[in-house]
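A closer look at the structure
Listed here are the chains, written in short residue letters.
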Amino acid sequence: MHPQLSSHPAHGSATDRRLNSMLRHIDPSIASSSLSSMDSQISASPTSGFHGDSVFAHVAQAPEDSILGVTVAYNKDPSPIKLNLGVGAYRTEEGKPVVLNVVRKAEQLLVNDRSRVKEYLPIVGLADFNKLSAKLIFGADSPAIQENRVTTVQCLSGTGSLRVGAEFLGRHYHERTIYIPQPTWGNHPKIFNLGGLSVKYYRYYDPATRGLHFQGLLEDLGSAPTGAIVLLHACAHNPTGVDPTLEQWAQIRQLMRSKGLLPFFDSAYQGFASGSLDADAQSVRMFVADGGECLVAQSYAKNMGLYGERVGALSIVCKNADVASRVESQLKLVIRPMFSNPPIHGASIVATILKDMNMYDEWTVELKAMADRIISMRHKLFEALRAKDTPGDWSHIIKQIGMFTFTGLNSEQVAFMTKEYHIYMTSDGRISMAGLSSKTVPHLADAIHAAVTRVR
Ligand code: PLA
């Protein structure tokens, strides 16, 4: 052992001693003499940063994320009655996270297959996964796929797909403004800004009717510059739960195509809105059917419960196969320095399920059960508020679609519910219906009742 360290600890500073033991840990063969000379060299260096202030001393504490920060606060609360309705993550009636049976089965198959290795995937990801993902969103017999004018690249869930799409547009598309709905998922503006796009909002939600501001939407998109990009939520709009009807989608499509606006769909909830994968893809398919171009970001976080596996895809539908192939070559240049190539496990689970008819069917049944449970929570909450005669019209709870209810509660009422009832939700009044169960509905109804009667 280094004599200076074992018998004369007072000779070096705490930092020096830590440094010595770290060096010995890295290479136990380092001689004591060389250690002490290294030691003095490092300690003497004015740029070593071991003495004095941190070179990061100026770094300010950043605020928590408006959605994921809710979970951070929830985790710190010791109350046994606490309830997390912040992040959109599905829970069972027992309040537990779920791994779908079909996902467990696929994982078992993958683990048992000894021929599988952990080599890098290509830059664009798993080929089967990409093909099957395109089919899932565009339809099995989509002409765009048959004509080879769709390029699909595997990305890191919905967020990563949006991010790669944003950067591709920032580099290669002539119009750098993207219109996003007011309101929208809080991460959207940040993702698009980082991709080099400038963000503008179009009216989407009308707080007075708690419904779609269709007139405002048409006006705002109508006055957008030709060629502007428009972000559309494919279904189950987050946070409002308000989707256009099919007739309204048809009008939006007509307006956008007539003005040459480029659609960028965010499809994070396919199957979660109605329980049907095909029904929830109608908006996207309508735009693809007219032969025009568009981008689609897909996520398997919610509909396959693969949240932490980070599985998603970006598809770009182009005019012809030649353009699609050049677009793909450029997507590779975006991906390579960003994350090099995507992870293999989650995409293999998805591909295993999508290519086996029985497993696919099993998935649709489990998916429908999740969607139905969310819808039943809407009815239970609505009934509970009605039974308590809670002031206000709460019918939007059963009208809204997908994972979230945009309650209309203001930030003071939300803060009150968190403080007094240990119910955690985002400050815009959004609650994740997927986090609710029959057992917790009465507690939430009590909290909402108290909030609207006591806090204004
Ligand atoms: N797009 C929308 C509209 C989303 O709501 C979410 C997730 C994503 C993309 C990204 O999902 P992914 O990257 O995990 O595939 N929104 C969640 C979670 C469910 C979050 O904020 O990250 C939400 O609570 O709003």
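A brief structural summary. (Residues numbered from 1 in each chain as written. Predicted model: local features only at pLDDT ≥ 70, side-chain atom pairs only at ≥ 80, totals over all residues. Heavy atoms only, no water.)

A word on the environment of valine 103. As for its position among the elements, valine 103 is in helix α5 (residues 101-112). Taking the relative accessible area as the measure of exposure, valine 103 reaches 2% and is therefore buried. As a C-alpha pair, valine 103 and methionine 359 span 256 residues in sequence and 9.0 Å in three-dimensional space. In this view, valine 103 contacts Met304, Leu306, Ile349 and Ile353; residues no more than four positions away in its chain are not counted. (Helix = DSSP H or I, 4+ residues; strand = E, 2+ residues; numbered from the N terminus. Buried < 20%, exposed > 50% of the residue type's maximum accessible area, 1.4 Å probe, protein only. Contact = heavy atoms within 4.5 Å.)

Turning next to the packing of helix α15 (residues 357-387) against helix α18 (residues 441-454). If you want to describe how two helices pack, look at the angle between their axes and the distance between the axes. The N-to-C vectors of α15 and α18 enclose an angle of 45 degrees; their axes lie 9 Å apart at closest approach. Compared by their axis directions, α15 and α18 come out oblique. As α15 packs across α18, the resulting crossing turns out to be right-handed. Counted together, Met377, Lys380, Leu381, Ala384 and Leu385 of α15 and Val441, Leu444, Ala445 and Ile448 of α18 form the full contact between these two elements. (Axes fitted to C-alpha atoms, helices over the stretch in contact; angles between N-to-C directions. Parallel < 35°, antiparallel > 145°, perpendicular 65-115°, else oblique. Left-handed = near helix turned anticlockwise from the far one by under 90°.)

Our focus in this paragraph is unusual backbone geometry. Cis geometry is adopted by the peptide bond preceding proline 183, which originates at glutamine 182 and carries an omega value of 0 degrees. With respect to the secondary-structure elements, proline 183 resides in the loop between β3 (177-182) and α9 (187-194). Of note, the bond from asparagine 238 into proline 239 is cis; its omega dihedral lies within 30 degrees of zero at 15 degrees. In this structure, proline 239 sits in the loop between β7 (229-233) and α11 (246-258). The residue serine 157 is not glycine, and still its phi comes out positive at about 55 degrees. Looking at the element boundaries, serine 157 is found in helix α8 (residues 157-172).

Around the ligand, a shell composed of 17 residues is seen, among which Ser157, Thr159, Asn238, Asp266 and Ser299 lie nearest. In the environment of the ligand, an oxygen atom lies 2.9 Å from a nitrogen or oxygen atom belonging to the side chain of tryptophan 185. Aspartate 266 is positioned such that a nitrogen or oxygen atom in its side chain is 2.6 Å from a nitrogen atom of the ligand. Alone, the ligand offers 540 Å² of accessible surface; in the complex the protein occludes 92% of this. Considering every element that reaches the shell around the ligand, the biggest residue donor is α8, with three residues. Taken together, the residues of the shell around the ligand break down into seven nonpolar, six polar and four charged. Looking at the shell around the ligand, you find at least three residues from each of domain 1 (68-98 + 371-454) and domain 2 (120-355). (Near = heavy atom within 4 Å. Polar contact = N/O pair within 3.5 Å; in protein donor to acceptor, adjacent residues only side chain to side chain. Areas by Shrake-Rupley, 256 points an atom, 1.4 Å probe, with all protein chains shown as cover. Nonpolar A, V, L, I, M, F, W, Y, C, P; charged D, E, K, R; others polar. Domains from an automatic or database assignment.)

On the surface, a cluster of nonpolar side chains totalling about 340 Å² of accessible area is made up of Val55, Phe56 and Val59. Positionally, phenylalanine 56 belongs in the loop between α3 (32-44) and α4 (68-76). (Patch = residues over 30% accessible without salt bridge, like charges linked within 9 Å, V, L, I, M, F, W, Y side chains within 5 Å. Salt bridge = Lys/Arg side-chain N within 4 Å of Asp/Glu carboxyl O.)

Within the secondary structure layout, alanine 321 lies in helix α13 (residues 321-339). When residues no more than four places from it in sequence are discounted, the contact partners of alanine 321 are Glu147, Asn148 and Arg149.

Glancing now at α15. Over its 31 residues, α15 runs 45 Å from end to end, which matches the ideal 45 Å to within 8%, given 1.5 Å per residue. At the N-terminal boundary of α15, the capping side chain belongs to aspartate 356, with an oxygen 2.9 Å from the backbone nitrogen of asparagine 358. Positive backbone phi, at 60 degrees, marks aspartate 389, one or two positions downstream of α15. (Expected span 1.5 Å × (residues − 1).)

Further remarks concern the packing of α8 against α9. Two elements in contact, α8 and α9, have axes whose closest approach is 8 Å; the angle formed by their N-to-C orientations is 35 degrees. Between α8 and α9 lies a crossing of right-handed hand. Residue-level contacts link Thr159, Leu162, Arg163, Ala166 and Glu167 of α8 to Asn187, His188, Ile191, Phe192 and Leu194 of α9. A breakdown of the residues in the contact of α8 with α9 according to their chemical character gives five nonpolar, three polar and two charged.

What follows concerns the sheet that holds strand β9 (residues 294-299). An order of β2-β10-β9-β8-β7-β3-β4 is seen for the seven strands of this open sheet, with the pairing classed as mixed. Only two strands of the sheet have a single neighbouring strand rather than two, namely β2 (150-156) and β4 (198-203). Going from strand to strand, the sheet's axes swing by 25 degrees on average, the running direction of each strand aside. Across five bridges, the pairing between β7 and strand β8 (residues 262-267) is parallel. Each bridged residue has a counterpart across the sheet, and for isoleucine 229 the counterpart in β8 is leucine 262. (Pairing = 2+ DSSP bridges.)

Moving on to the environment of glycine 88. For glycine 88, the location among the structural elements is in the loop between β1 (83-84) and α5. It is 8.9 Å that separates the C-alpha atoms of glycine 88 and isoleucine 67, two residues lying 21 residues apart in sequence. Setting aside residues up to four positions removed in sequence, glycine 88 forms contacts with Lys302, Tyr307, Met403, Phe404, Arg430 and Ser432.

For the coordinates displayed, the defined rule picks out 16 salt bridges. Note that glutamate 219 is salt-bridged to arginine 203, the shortest N-O span being 3.0 Å. Separated by 16 residues along the polypeptide, glutamate 219 in helix α10 (residues 214-222) and arginine 203 in strand β4 bring together distant segments of the chain. Judged by relative accessible area, which is 43%, glutamate 219 ranks as partly exposed. Measuring nitrogen to oxygen at the nearest pair gives 2.9 Å for the salt bridge that ties aspartate 278 to arginine 285. The class of aspartate 278 is partly exposed, set by a relative accessible area of 44%. When its relative accessible area of 18% is taken as the criterion, arginine 285 is described as buried.

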